[in-house]
Amino acid sequence: NDDEGNEEKDVIGQCDGLWPPSRCEHVLRLTKCLDFYQHVIDGKGCDVLLEYLSEERYPRSMLQEDWTHVLLEHFGDKRTLKESQDQHEQIYEHLTKLKSLKECDLEHCHAFTRNNRDRESEEDNNKLRLALKNGLV
């Protein structure tokens, strides 16, 4: 039985981007990270997240490699649009099965607000602040 576990582990490591998310080691690690992050935003603080992303546990370089794997292998240019959409749907379904992940309330989500702000207006405000600071206005 131990041989079967090792054999499955080897198979998981060979994901070609068309494997189900539950068999891709990169998706599984990202899933664990998202699960952990959900608990951080539930009140444990950023220090705990930085500890989780330490070199010993889950190095940031590995986090980046896992995300790059998903982008290139599961959604990348070598995939047809249908394959990419199927992978997106499977990964989404895999993530939404996690009981600990909650849907974000977009009206009160700081990350959503920051990422979807009016950048043109913000750029104009920054130019105005700089002009005021330098006494040009």
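So, here is what we can say about the structure in this document.

Parameters at a glance
Residues numbered from 1 in each chain as written. Predicted model: local features only at pLDDT ≥ 70, side-chain atom pairs only at ≥ 80, totals over all residues. Heavy atoms only, no water. Helix = DSSP H or I, 4+ residues; strand = E, 2+ residues; numbered from the N terminus. Expected span 1.5 Å × (residues − 1). Buried < 20%, exposed > 50% of the residue type's maximum accessible area, 1.4 Å probe, protein only. Arc of directions from axis to C-beta. Salt bridge = Lys/Arg side-chain N within 4 Å of Asp/Glu carboxyl O.

Our focus in this paragraph is helix H5 (residues 81–96). Helical periodicity: at 3.6 residues per turn, an α-helix aligns residues three or four positions apart in one direction. The terminal C-alpha atoms of H5 lie 22 Å apart, and with 16 residues this matches the ideal 22 Å at 1.5 Å per residue to within 8%. For H5, the set of buried residues is Ser84, Gln87, Ile91 and His94. Projected onto a plane normal to the axis of H5, the buried residues spread over an arc of 90° and lie on a single side. Seen from the open side of H5, the exposed residues pointing more than 90 degrees away from its buried face are Leu81 and Lys82.

The subject of this paragraph is the pattern of salt bridges. Enumeration according to the criterion identifies 5 salt bridges in this entry. Of the charged contacts, one joins arginine 29 and glutamate 25 as a salt bridge, the two residues approaching to 3.5 Å between their closest N and O atoms. Taken as a pair, arginine 29 and glutamate 25 lie in helix H2 (residues 25–44) at a separation of 4 residues, close to a single helical turn. The class for glutamate 25 is partly exposed, based on a relative accessible area of 28%. Lysine 78 is paired through a salt bridge with glutamate 73; the nearest N and O atoms lie 2.8 Å apart. Here the salt bridges share partners, and the residues they tie into one network are Glu25, Arg29 and Asp66.

Purely geometric stuff here, so don't read any function into it on its own.
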